[in-house]
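Residue-level structure breakdown
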Amino acid sequence: MRPLRLLWWLASVAVAAGFVGLWQVAADSKWLSPVFFAGPGQAWDRLVAGLVHGTLGIELADTVGRMIYGWAAASLLGIALGSLIGISPRARAYLAPMIEFVRPVPASALVPVAIGFLGLSDEMVLAVVVFGGLWPMLLATIHGFETIEPRLTDVSRALGFSRLQVILKIALPSALPDIFAALRLSVTVSLVLTIIGEMLASRDGLGQWILFAGRTFRPGDLFAGIILLGGVGFVSASLIAWLEQRLLNWRRPP
Amino acid sequence: MADAAIAGATRRRPGFASRLVRRDWRGAVAPLLLLAFVEIVMDTGSYQIAVAAYRVVLDGSLLTGTIETLGAALGGLAIGGMIGVVLGVLFGMSRAVDRLMMVTVESIRPIPSAAIIPVVLLAFGFGYRMEIFLILPGTIFPILIFTRSAVAGTEPCLLDVSRLMGLGYIGRVLKIVVPAALPRIFVGFRLSAALALVIAVTTEVVVNPQGLGSAIMVSEQKLDPASMYAVVIWLGIIGWGLNAALVWMQRRLFGPAGARGAEQ
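Predicted, not measured: the structure shown is a model, and the values here were computed from it.

**Notes on the overall build of chain B**
Counting its regular elements, chain B contains 12 helices and zero strands. The buried share of chain B, reckoned over its 264 residues, is 38%. Taking all contacts inside chain B whose residues are at least 6 apart in sequence as the whole, residues at least 24 apart take part in 74%.

**Section: the overall build of chain A**
Regarding its fold elements, chain A presents 10 helices and zero strands. Beginning at the N terminus, the succession of helices and strands in chain A can be written as α-α-α-α-α-α-α-α-α-α. With respect to the three principal axes, the spread of C-alpha positions in chain A is 70 × 60 × 30 Å. Intrachain contacts of chain A at a sequence separation of at least 6 include 74% that bridge at least 24 residues.

**A closer look at the interface of chain B and chain A**
Contacts between the two partners involve 44 residues from chain B and, on the opposite side, 44 residues from chain A. Only helix H3 (29–41), helix H6 (95–108), helix H7 (117–124), helix H10 (169–206), helix H11 (211–221) and helix H12 (225–262) of chain B provide two or more residues apiece to the side of chain B that touches chain A. The residue makeup of the side of chain B that touches chain A, split by class, is 30 nonpolar, nine polar and five charged.

**Some points on helix H9 (residues 156–164) of chain B**
For an α-helix, 3.6 residues make a turn, and residues three or four places apart therefore share a direction. By the criterion of burial, H9(B) is predominantly exposed, with just zero of the nine residues buried. Within two residues after H9(B), B:Gly166 carries a phi angle of roughly 70°, on the positive side.

**As for the nonpolar core**
Core analysis: the biggest nonpolar cluster contains 124 residues, and A:Leu110, A:Val128, B:Val231 and B:Val232 have the highest contact counts within it. When residues in this core are grouped by element, the largest group, 18 residues, is from H10(B). Not counting the four nearest positions on each side in its chain, B:Val231 is found in contact with B:Val56, B:Leu212, B:Ala215, B:Ile216 and B:Ser219.

**Description of H7(B)**
Listing the buried residues of H7(B) in full gives B:Ile117, B:Pro118, B:Val119, B:Val120 and B:Leu121. Check the buried side of H7(B) and you find it contacts helix H9 (206–215) and helix H10 (219–247) of chain A together with helix H8 (128–152) and H10 of chain B. With its phi angle positive at about 70°, B:Gly125 sits one or two positions after the end of H7(B).

**A few points about unusual backbone geometry**
Even without being glycine, A:Ser202 reaches a positive phi, approximately 50°. Relative to the elements of secondary structure, A:Ser202 occurs in the loop between helix H8 (163–201) and H9. In the Ramachandran plot, B:Leu223 falls in the positive-phi region, its phi being about 55° despite a non-glycine side chain. Positionally, B:Leu223 belongs in the loop between H11 and H12.

**Here's the deal with the environment of A:Trp23**
Residue and element names in this part refer to chain A. Its location among the elements puts tryptophan 23 in helix H1 (residues 2–28). Each C-alpha atom of the pair tryptophan 23 and arginine 215 lies 22 Å from the other, and the pair is 192 residues apart in sequence. Those residues in contact with tryptophan 23 that sit more than four places away from it in its chain are Gly39 and Pro40.

**Concerning the packing of helix H4 (residues 89–102) of chain A against H3(B)**
Helix-helix packing is characterised by the crossing angle of the two axes and by the distance between the axes. Closest axis-to-axis distance for the H4(A)/H3(B) pair is 7 Å, and the angle between their directions is 65°. For the pair H4(A) and H3(B), contact is made by A:Tyr94, A:Leu95, A:Met98 and A:Phe101 and by B:Val29, B:Ala30 and B:Pro31, respectively. For the contact of H4(A) with H3(B), a count of residues per class yields seven nonpolar, no polar and no charged.

**Describing the environment of A:Leu152**
Residue and element names in this part refer to chain A. Of note, leucine 152 is situated in helix H7 (residues 150–158). Sequence spacing of leucine 152 and valine 166 is 14 residues, and the spatial spacing of their C-alpha atoms is 9.5 Å. If sequence neighbours within four positions are ignored, leucine 152 has contacts with Ile170 and Ser174.

**Quick look at the confidence of the model for chain B**
Residues and elements named next belong to chain B. The pLDDT averaged across chain B works out to 82; a share of 88% of its residues lies at or above 70. Element-level mean pLDDT values for chain B span from 41 in helix H1 (residues 2–12) up to 92 in helix H5 (residues 61–93). Confidence over residues 1–21 falls short of pLDDT 50; this stretch has two contacts with residues more than four positions distant or in other chains. Overall fold confidence (pTM) sits at 0.85, and the ipTM for the predicted complex is 0.85.

Parameters at a glance
Residues numbered from 1 in each chain as written. Chains lettered and ligands numbered in written order. Predicted model: local features only at pLDDT ≥ 70, side-chain atom pairs only at ≥ 80, totals over all residues. Helix = DSSP H or I, 4+ residues; strand = E, 2+ residues; numbered from the N terminus. Buried ≥ 20, exposed ≤ 12 C-beta atoms within 10 Å, placed from the backbone. Contact = placed C-beta atoms within 7 Å. Nonpolar A, V, L, I, M, F, W, Y, C, P; charged D, E, K, R; others polar. Core = buried A, V, L, I, M, F, W, Y, C linked by C-beta atoms within 7 Å. Axes fitted to C-alpha atoms, helices over the stretch in contact; angles between N-to-C directions. pLDDT = per-residue confidence, 0-100.

Shown next, in the form of structure tokens:
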């Protein structure tokens, strides 16, 4: 079974390499204007040059830092607020309609509003990232609380747990699969909103960097930035998936 | 007879108004607090926002913006949805294709749509084409993933039947596989629709000078926060309405199968 899967994977890598080759051919033959379209070779050269000699590493660190900071804040806020609403029918009665009302507004539409309050600042970018990343976590936590095994609720009552104990010992562990799915979703949202925030507020980072590369017609740098951002998305999602597999091992049937 | 049917319908499912009234008064506290905050702390009160809303409705800019935003979103959704379904069926029908394309799909998928804004801007310039192109990846992937898993999980008996009937590949796809997978595909379609609206607005806020997103950005830059809030609220209503319409369609079209999927 194992070697066969490896073989399939290698074949799949070969197919991907074929697509990269096609991309190179498309760039070399100038099917698409070289003003905005760079081949993989050129993009790779610019990527290495930017990381080794240029500021690309710093831009990357700025973007990733912002993304992680906003993502962590959104996740904690989402879990806290979700737990509150999940555990207390009273909190739910007060807050749920408001949440229904605010949720459909796209986070990016609130960038101008945030600019009005906070100016073109790092805090503005962070506020938007937190707002956008909050929803998946909030909804997942509420959903996780709703689907607690009823017997566990009975057990907690029999043991005389306090509300905080119920949240920490019963509800959150049983909501973990939902929470991990939301963590993965909100890290994607955070990355997109970080890029957009950087573009709009001209904060240092990859978002502003690729926008500038495009405006000054440097397709090599532009594609290097896109590859880097794709890499950030891939690594963050994979890390969360890996963590999920390790932490939720006990849930899977043997 | 008709009256009885209507009475039956109302008994089964209370109408929107009665549900609204039956809602708890406590739900109104947070919005009212927000309103009070707006009135007391901010320079722009709800009266100014209402006046601005009236103005943008009257001069037609809200309607134009809505048409432009929804046009781009629905255009992208239609094209991306078709590509997603075709790819999903291809991947779902053949395990070999699915495995061979895995690395390619998994390397393209994590690229954030916002990252390709500068490329698309240079390639297409301003307008519908760039916006629709940006919406495509956001709409293709959810539909692709739901279609693939639904097609791969087609009831084997159905496939036996199709073999017995001597259907070809196309006949099997169109008559057996896609109809069986449709409720799941629709779940992906709903996710894609929400994403399409979000990406459309995002593109408009960031670069594309058309639609509601651009209206918000321009109002902000013109120091006209009242119109900005009016359009933001309208966007919320559109987003809510789009989702409500799709959930309703799902229940309506697919009955119990759709209701099961609606929870996701």
